Each structure stands twice: as C-alpha cells, then as structure tokens.
Amino acid sequence: MLLAQITDTVHKLADTAKNLPLVPGQAGDELRFGDLLIKGGWVMVPIGFLAVLGLVIFFERYFTIRKAAKDESNLMSQVRTSILTGKLESAIAICRNSNSPLGRMLQKGLLRIGRPIKDIEGAIENVGKLEVSKLEKNISILGIVAGIAPMFGFLGTIAGVIKIFYDISKTDNISMGVISGGLYVKMVTSAAGLMVGIVAYVCYHILMIMVDKVILKLETDAIEFIDLLEEPSK
C-alpha cells in the first residue's frame, strides 16, 4: 500500500515537471562550446595564437629530436671497424654521410686524430654542446606559453568582471541573473588559458625528457669513441 502511494506521488511530480515552462539557462538551453569561445572576447585571440604556436613548436621539435635519437649502433660499429683497420678517411666519410649529431661529433674527433687525447675530447665536447643547443631550439618558447597563457585567461576574466559591475552601476540591476549570466561567459577565458598552459607545460617537459635521453646517449657513444682511440696505446 505504501509503495503504491509513493509510486503515484512520483508520477504526479513527473507530470507536473513536464508542464513547467523552461527557464533560460536551464536544461532547455544548449551550452555550445563554440559559442562560449566566441563570447570569451578579444582575449581568446592571443590564447588561440599561443595554442597554435605551442602545438607547431612541439611537433616540429618532437620529430627533430626523435630523428636525432635513432639508434646509431651501426654507425659506431662501422667507425670502429674502419679505425681498427686503419681506414681513417673511410671512417670520416661514414660519419659525414650519417648526417646525425653523433656522426658530426665523431667526425670532429676523427679530424683531430694525432693530437693529444684531451684536444680530441674537447673538440667532441664542443660539437656535442652545439648539437644539444640545436635540439633545444625553441623549446623554451613552450615554457613561456605555459606561463603566460593562464595569465591571459585571468586577464580576460577580470576584464569581464569589471565590465559586469560597471554595467550594474549604470543600470542598478544587481540580480543574480545579470551577474552570473555574464560571469560564466567570462570564466571561459580562464578555462581556455589554463588548458593551453597545462598542455604547453606537459609538452615542454616531454621534449626536455627526450633531449636528456639524447644527451645521455651522445655522452655514452663519445666515451666509447675515446676508449676506442686509446686502445692501440694500451
């Protein structure tokens, strides 16, 4: 009996809700993402520019670093064989044709053969620093994007809030509908700025991790090359 009464009450409430008029801003209105971006105002333009800039830099650096991180064990093997057989010119040609950071480092070392080992190490180290700086090119811009994109977002929100209260001071309309209706739109700039900043921050650290791995590999191969040059004197 009690269950039947509860069921009947639920059905009556449902029928009543169907007959209620829809209030703007409730379920009857669709909140479209594209419309929100447009209503975000002029601040969305620099935020969008930063988003595109960050993605372009990330993908360009990603494929460049990935190419530099390819396995060079075959190059080291060929260089070792050429040096042990006394074919120095062949080893230099192999390094030149490899067109890779490791190849350029080894080529510089091979061109210094005959000088003290410290000079060879110094030459390889200098080329290595130059190659690393090439890999890190423009990555710092991602760090800048990660820092200033949220600031632009907050700037847009603050500017929107100032305008809302300015309009209230002119119309004396302090209803929650007026305040919340303008404020939720202006908060879009903060959300967009934070989203761009977070993505840029993650992309920046992904690239730096990749660069660190390349540096470790180059240092390991450089040490192996120096050991190879010292083998005949042992």
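Residues numbered from 1 in each chain as written. Predicted model: local features only at pLDDT ≥ 70, side-chain atom pairs only at ≥ 80, totals over all residues. Heavy atoms only, no water.

(A) Summary view of the nonpolar core. Formed by 44 residues in total, the largest nonpolar core has its most connected members in Ile-65, Val-79, Ile-83, Leu-106 and Phe-225. Those elements that place two or more of their residues in this core are α3 (44–68), α4 (73–84), α5 (88–98), α6 (101–111), α7 (117–135), α8 (139–171) and α9 (176–230). The greatest single-element share of this core, amounting to 14 residues, is contributed by α9. The contacts of Val-79, once residues within four sequence positions are left out, are Ala-91, Cys-95, Leu-106 and Phe-225. (Core = buried A, V, L, I, M, F, W, Y, C linked by side-chain atoms within 4.5 Å. Buried < 20%, exposed > 50% of the residue type's maximum accessible area, 1.4 Å probe, protein only. Helix = DSSP H or I, 4+ residues; strand = E, 2+ residues; numbered from the N terminus. Contact = heavy atoms within 4.5 Å.)

(B) Molecular detail of unusual backbone geometry. Even without being a glycine, Asn-99 presents a positive backbone phi close to 50°. Here Asn-99 lies in the loop between α5 and α6. The backbone of Asn-138 sits at a positive phi, close to 70°, despite the residue not being glycine. With respect to the helices and strands, Asn-138 occurs in the loop between α7 and α8. In this structure Asn-138 comes out as partly exposed when scored by relative accessible area, which is 32%.

(C) Representation of the packing of α5 against α6. Interhelical geometry of α5 versus α6 gives an angle of 155° and a closest axis separation of 8 Å. Considering the angle they form, α5 stands roughly antiparallel to α6. In this structure, α5 crosses over α6, and the sense of that crossing is left-handed. Contacts between α5 and α6 involve Leu-88, Ala-91, Ile-92, Cys-95, Arg-96 and Ser-98 from the former and Gly-103, Leu-106, Gln-107, Leu-110 and Leu-111 from the latter. For the contact of α5 with α6, the residue count by class is seven nonpolar, three polar and one charged. (Axes fitted to C-alpha atoms, helices over the stretch in contact; angles between N-to-C directions. Parallel < 35°, antiparallel > 145°, perpendicular 65-115°, else oblique. Left-handed = near helix turned anticlockwise from the far one by under 90°. Nonpolar A, V, L, I, M, F, W, Y, C, P; charged D, E, K, R; others polar.)

(D) View of α6. Of all 11 residues in α6, eight are buried; the element is thus mostly enclosed. For α6, the complete set of buried residues consists of Pro-101, Leu-102, Gly-103, Met-105, Leu-106, Gln-107, Gly-109 and Leu-110.

(E) Local environment of the packing of aromatic side chains. For the coordinates displayed, the defined rule picks out three aromatic pairs. Ring centres 5.3 Å apart and planes at 70° place the aromatic pair Phe-58 and Phe-59 in the edge-to-face group. The exposure class assigned to Phe-58 is buried, which follows from its relative accessible area of 11%. Classification of Phe-59 as partly exposed rests on a relative accessible area of 43%. Centroid distance Tyr-62 to Phe-63: 5.4 Å. Interplanar angle 80°. Geometry classified as edge-to-face. Pairwise contacts between aromatic rings join Phe-58, Phe-59, Tyr-62 and Phe-63 into one cluster. (Phe/Tyr/Trp six-rings, centres within 6.5 Å; stacked < 30°, edge-to-face > 60°.)

(F) Molecular detail of the confidence of the model for the protein. Residues with a pLDDT of 70 or more make up 74% of the protein, whose mean pLDDT is 78. Of all secondary-structure elements in the protein, the lowest mean pLDDT belongs to helix α1 (residues 2–19), at 45, while α3 reaches the highest, 91. Counting contacts from residues 2–7, a segment whose pLDDT is below 50, to residues more than four positions away or on other chains yields zero contacts. (pLDDT = per-residue confidence, 0-100.)

(G) Broad picture of a nonpolar patch on the surface. A cluster of nonpolar side chains, namely Phe-154, Ile-158, Ile-162, Leu-194, Ile-198, Tyr-201, Val-202 and Ile-206, defines an oily patch on the protein surface of about 760 Å² accessible area. By residue number, the principal contributor to the nonpolar patch is α9, which donates five residues. Its place among the elements puts Tyr-201 in helix α9. (Patch = residues over 30% accessible without salt bridge, like charges linked within 9 Å, V, L, I, M, F, W, Y side chains within 5 Å. Areas by Shrake-Rupley, 256 points an atom, 1.4 Å probe, with all protein chains shown as cover. Salt bridge = Lys/Arg side-chain N within 4 Å of Asp/Glu carboxyl O.)

(H) Structural detail: the side chain of Ser-100. With respect to the helices and strands, Ser-100 occurs in the loop between α5 and α6. In this structure Ser-100 comes out as buried when scored by relative accessible area, which is 4%. Excluding residues that lie within four positions of it along the chain, Ser-100 makes contacts with Glu-72 and Leu-75.

(I) The pattern of salt bridges, seen in detail. Per the counting criterion, the structure on display carries seven salt bridges. A salt bridge links Glu-131 to Arg-104, with the shortest nitrogen-to-oxygen separation between them at 2.7 Å. Taken together, the residues Glu-131 in helix α7 and Arg-104 in helix α6 connect sequence positions 27 residues apart. The exposure class assigned to Glu-131 is buried, which follows from its relative accessible area of 4%. Owing to a relative accessible area of 31%, Arg-104 belongs among the partly exposed residues under this scheme. Salt bridges sharing common partners tie together Arg-104, Glu-131 and Lys-134.

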